[in-house]
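# Per-entry structural report
Here's the letter readout for the chains.
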Amino acid sequence: VPVSVVTTCIAGVAVLGILCILVFLGAATPGKANLDYVIVLGARVKEHTVSNSLKKRLDRAIVYAEENPNTILVLSGGKGPGESDSEAQVMYDYLVYNGVSPRQLLMESDSTSTVENIAYSKIVIEQDRMKDKKEIIPMPGKTVSVPYAIAPDKPLEIGVLTSNFHIYRARLTAEKWGFDNVYGISAESDPVLFIHLCVRECASILKDRLMGNM
């Protein structure tokens with residue numbers, strides 16, 4: 001029994017250590033420019049304004065939008081207990097107030113977790129892409145005899161913008177939901193609480209892995 005207990009404890013510490021390293025590596029991700037869409041994950045809002053954590057994410061989103069004007073931001077977050085507006089709506093208002101064009105923004109207002117953030121945002125992205133597809137109708141009386149080839153679509157590149165400690169889990173969740181080219185975009189978090197947040201994030205990673213969410 002003592003040997004089993006010690007072995008279990010050592011294995012648990014080793015797993016926690018590996019997860020912490022992965023979380024730290026995710027936090028240090030440099031991001032990627034000119035992505036097709038960037039999913040901005042929501043966080044709890046206060047009254048009608050943003051919390052400190054959400055503000056850091058949105059300020060990072062503003063910088064990214066200015067540097068990459070062709071990228072569409074998908075603002076993801078539903079209405080939680082005690083919140084008068086959805087997180088997505090508060091995020092939208094904040095970004096527009098700070099100069100981001102509404103044409104560069106989409107909203108997803110139903111999610112209540114990281115998994116739902118990604119799953120529902122994927123639906124929004126697919127709907128937006130279908131909207132831009134146009135059917136080619138041949139001219140009446142015209143025949144086309146010239147051979148042609150259809151070029152494959154450019155691979156869709158998706159970013160997930162969230163707090164630095166959350167990047168690893170969010171990116172793997174996006175891959176689980178069928179995004180092939182996913183890049184993390186890291187926003188700052190509270191430096192005093194960073195270690196605590198990383199350890200708590202490790203527990204969330206284990207939970208989501210066991211539940212098959214990532």
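This text goes with the structure placed above it.
Now for a quick tour of the structure. From a predicted model like this one, the values you see are computed outputs, not experimental measurements.

## With respect to the overall build of the chain
The secondary structure content of the chain amounts to six helices and seven strands. Starting at the N terminus, the α and β elements of the chain follow one another as α-β-β-β-α-β-α-β-α-β-α-β-α. Taking all 214 residues of the chain together, 42% fall into the buried category. The contacts in the chain between residues at least 6 apart in sequence include a share of 76% that link residues at least 24 apart. Summed over its atoms, the accessible surface of the chain is roughly 12,800 Å², and 61% of this surface lies on carbon and sulfur atoms.

## What about the pairing of strand S1 (residues 37-41)?
A large share of S1 lies buried, amounting to five of its five residues. Of the two faces of S1, both are covered, the one formed by Tyr37, Ile39 and Leu41 as well as the one formed by Val38 and Val40. Pairing between S1 and strand S4 (residues 72-76): five bridges, direction parallel. Along S4, the bridge assignment pairs tyrosine 37 with isoleucine 72. Bridging between S1 and strand S6 (residues 157-163) involves four bridges; their strand directions are parallel. Within S6, the residue paired with valine 40 across the bridge is leucine 161.

## Quick notes on helix H3 (residues 87-97)
Those residues of H3 that sit buried are Glu87, Ala88, Val90, Met91, Tyr94 and Leu95. Burial along H3 is one-sided: seen end-on, the buried residues are contained in an arc of 160 degrees. Residues of H3 that are buried make contact with S1, strand S2 (45-46), strand S3 (49-50), helix H2 (52-67), S4 and strand S5 (105-108). Looking one or two places after H3, you find glycine 99, whose phi comes out positive at around 100 degrees.

## With respect to the sheet that holds S6
The strand order S5-S4-S1-S6-S7 describes an open sheet built from five strands, whose pairing is parallel. Every interior strand has two partners, whereas the edge strands, S5 and strand S7 (181-187), have only one. With strand direction ignored, the average angle separating the axes of adjacent strands in the sheet is 25 degrees.

## Thoughts on helix H5 (residues 167-176)
A large share of H5 lies buried, amounting to seven of its 10 residues. Those residues of H5 not exposed but buried are Ile167, Tyr168, Arg169, Ala170, Leu172, Thr173 and Ala174. At the exit of H5 stands glycine 178, carrying a positive phi of roughly 100 degrees.

## Here we look at the packing of aromatic side chains
Evaluated as defined, the whole model comprises zero aromatic pairs. Just above the ring of phenylalanine 179 sits the side chain of lysine 122; from NZ or CZ to the centre is 5.8 Å.

## A short note on the layout of surface pockets
A water-sized probe, rolled over the atoms, reveals where empty space remains. What the largest pocket holds in volume is close to 730 Å³. Contributing elements (two or more residues each) for the lining of the largest pocket: H2, helix H4 (114-132) and helix H6 (194-210). By residue class, the composition of the lining of the largest pocket is five nonpolar, 17 polar and 11 charged.

## Details of the side chain of serine 121
With respect to the helices, strands and loops of the structure, serine 121 is situated in helix H4. Ignoring sequence-local partners within four residues, the contact set of serine 121 consists of Ile39, Val74, Ser76, Glu108 and Glu116.

## Considerations on the environment of asparagine 34
Along the chain, asparagine 34 turns up in the loop between helix H1 (2-27) and S1. Taking the relative accessible area as the measure of exposure, asparagine 34 reaches 55% and is therefore exposed. Separated by 37 residues in the primary sequence, asparagine 34 and threonine 71 place their C-alpha atoms 6.2 Å from one another. Setting aside anything within four residues of it in sequence, one finds asparagine 34 in contact with Tyr64, Asn68, Thr71 and Glu157.

## What to know about the nonpolar core
Residues Val38, Val40, Leu58, Leu73, Leu75 and Leu95 are the most contacted members of the largest nonpolar core, which totals 24 residues. Elements supplying a minimum of two residues to this core: S1, H2, S4, H3 and S7. Broken down by element, the residue count for this core peaks at six residues, all from H2. Discounting chain neighbours no more than four positions away, the residues touching leucine 95 are Leu58, Ala61, Ile62, Leu73, Leu75, Val100 and Leu105. Ranked by size, the runner-up nonpolar core spans 16 residues in total, among them Val124, Ile125, Ala170 and Ala174.

So, how was this worked out
Residues numbered from 1 in each chain as written. Predicted model: local features only at pLDDT ≥ 70, side-chain atom pairs only at ≥ 80, totals over all residues. Heavy atoms only, no water. Helix = DSSP H or I, 4+ residues; strand = E, 2+ residues; numbered from the N terminus. Buried < 20%, exposed > 50% of the residue type's maximum accessible area, 1.4 Å probe, protein only. Contact = heavy atoms within 4.5 Å. Areas by Shrake-Rupley, 256 points an atom, 1.4 Å probe, with all protein chains shown as cover. Pairing = 2+ DSSP bridges. Arc of directions from axis to C-beta. Axes fitted to C-alpha atoms, helices over the stretch in contact; angles between N-to-C directions. Phe/Tyr/Trp six-rings, centres within 6.5 Å; stacked < 30°, edge-to-face > 60°. Lys NZ or Arg CZ within 6 Å of the ring centre and 35° of its normal. 1 Å grid on protein atoms, 1.4 Å probe; cavity = no way out; pocket = protein on both sides within 12 Å on 5 of 7 lines; lining within 4 Å. Points joined across faces, edges and corners; volume = space filled by probe spheres on them. Nonpolar A, V, L, I, M, F, W, Y, C, P; charged D, E, K, R; others polar. Core = buried A, V, L, I, M, F, W, Y, C linked by side-chain atoms within 4.5 Å.

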